[in-house]
Amino acid sequence: MNIPVSLKYTKDHEWVSIDGDIATVGITDFAQKELGDIVYVEVETLDQTLEKDEVFGTVEAVKTVSDLFLPLTGEIIGFNDALESNPESVNSDPYGAGWMIKIKIANMAEVDGLLSSDSYKELIGA
């Protein structure tokens, strides 16, 4: 199971990469394996400001649809357009080409509430 130590994680299986006040968000390797073959990623919240834990989109796999929860309060300033034609990159490269959104973080103190790689491993029993 790939769980990079350089990233932060949520209990809802999103990963977060922080660069200044911009966060890049996707779903973890664990989550994509649980979901199976991903066929569609929908994010209709671009340019909106949402609170932490609000639903920012959905990911559709062959067998299920799952909500995506915002890990940090902020404005969604970017969406990975490549997922429209290549949603399977979430399966093949969840921490790279499979990223989903970029957020302008409104409250940097919330970053402290994210999980470390060790804490996330403990959560999923890895």
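Not measured: the values here are computed from a predicted model.

### Describing the side chain of Asp 29
With respect to the helices, strands and loops of the structure, Asp 29 is situated in helix α1 (residues 29–35). Within polar-contact distance, the side chain of Asp 29 engages the backbone nitrogen of Asn 2 at 3.1 Å. A polar side-chain atom of Asp 29 sits 2.8 Å from a polar atom in the side chain of Gln 32. When sequence neighbours within four positions are dropped, the list of residues in contact with Asp 29 reads Met 1, Asn 2, Pro 94 and Tyr 95.

### Considerations on the pairing of strand β9 (residues 101–105)
Residues Ile 101, Ile 103 and Ile 105 line the buried face of β9, whereas the alternating positions Lys 102 and Lys 104 sit on a face that is not buried. With four bridges joining them, strand β3 (residues 22–27) and β9 adopt antiparallel strand pairing. From the neighbouring strand, Thr 24 faces β9, where its bridge partner is Lys 102.

### Some points on the UniProt feature "domain: Lipoyl-binding" (unreviewed entry) in the chain
Within this structure's numbering, the places UniProt gives as "domain: Lipoyl-binding" (unreviewed entry) are residues 22–104. Taken end to end, residues 22–104 comprises 18% helix and 42% strand; its first and last C-alpha atoms sit 5 Å apart.

### Describing the sheet that holds strand β5 (residues 49–50)
Taken in spatial order, the six strands make up an open sheet running β1-β2-β3-β9-β8-β5, and their pairing is antiparallel. Single-partner strands in this sheet number two, and they are β1 (8–9) and β5. Two strands pair when backbone bridges link them, and strand β8 (residues 74–79) and β9 are joined in this way by five bridges, in the antiparallel orientation. Across the sheet, the residue bridging to Glu 75 is Lys 104, located in β9.

### A word on the packing of aromatic side chains
Going through the model one piece at a time under the given rule, you end up with two aromatic pairs. Pairing Tyr 9 with Tyr 120 gives two aromatic rings, centres 4.9 Å apart and planes at 15°, and the pair type is stacked. Of the two residues, Tyr 9 sits in strand β1 while Tyr 120 sits in helix α4 (residues 117–124), which places them 111 residues apart along the sequence. Under the relative-accessibility criterion, Tyr 120 is labelled buried at 0%. In this arrangement the basic side chain of Lys 102 is found over the ring face of Trp 99, its NZ or CZ atom lying 4.8 Å from the centre.

### Focus: the sheet that holds strand β4 (residues 38–42)
Reading across from one edge, β4-β6-β7 is the order of the three strands in this open sheet, with antiparallel pairing throughout. Strand pairing shows two members of the sheet lacking a second neighbour, β4 and β7 (65–69), which therefore form its edges. Taken pair by pair, the neighbouring strands of this sheet meet at an average axis angle of 25°, ignoring direction. The pairing of strand β6 (residues 55–61) with β7 spans five bridges and is classified as antiparallel. What sits directly across from Glu 60, in β7, is Val 65.

Thresholds applied
Residues numbered from 1 in each chain as written. Predicted model: local features only at pLDDT ≥ 70, side-chain atom pairs only at ≥ 80, totals over all residues. Heavy atoms only, no water. Helix = DSSP H or I, 4+ residues; strand = E, 2+ residues; numbered from the N terminus. Polar contact = N/O pair within 3.5 Å; in protein donor to acceptor, adjacent residues only side chain to side chain. Contact = heavy atoms within 4.5 Å. Buried < 20%, exposed > 50% of the residue type's maximum accessible area, 1.4 Å probe, protein only. Pairing = 2+ DSSP bridges. UniProt positions renumbered as here; feature names shortened; annotations may be inferred. Phe/Tyr/Trp six-rings, centres within 6.5 Å; stacked < 30°, edge-to-face > 60°. Lys NZ or Arg CZ within 6 Å of the ring centre and 35° of its normal. Axes fitted to C-alpha atoms, helices over the stretch in contact; angles between N-to-C directions.

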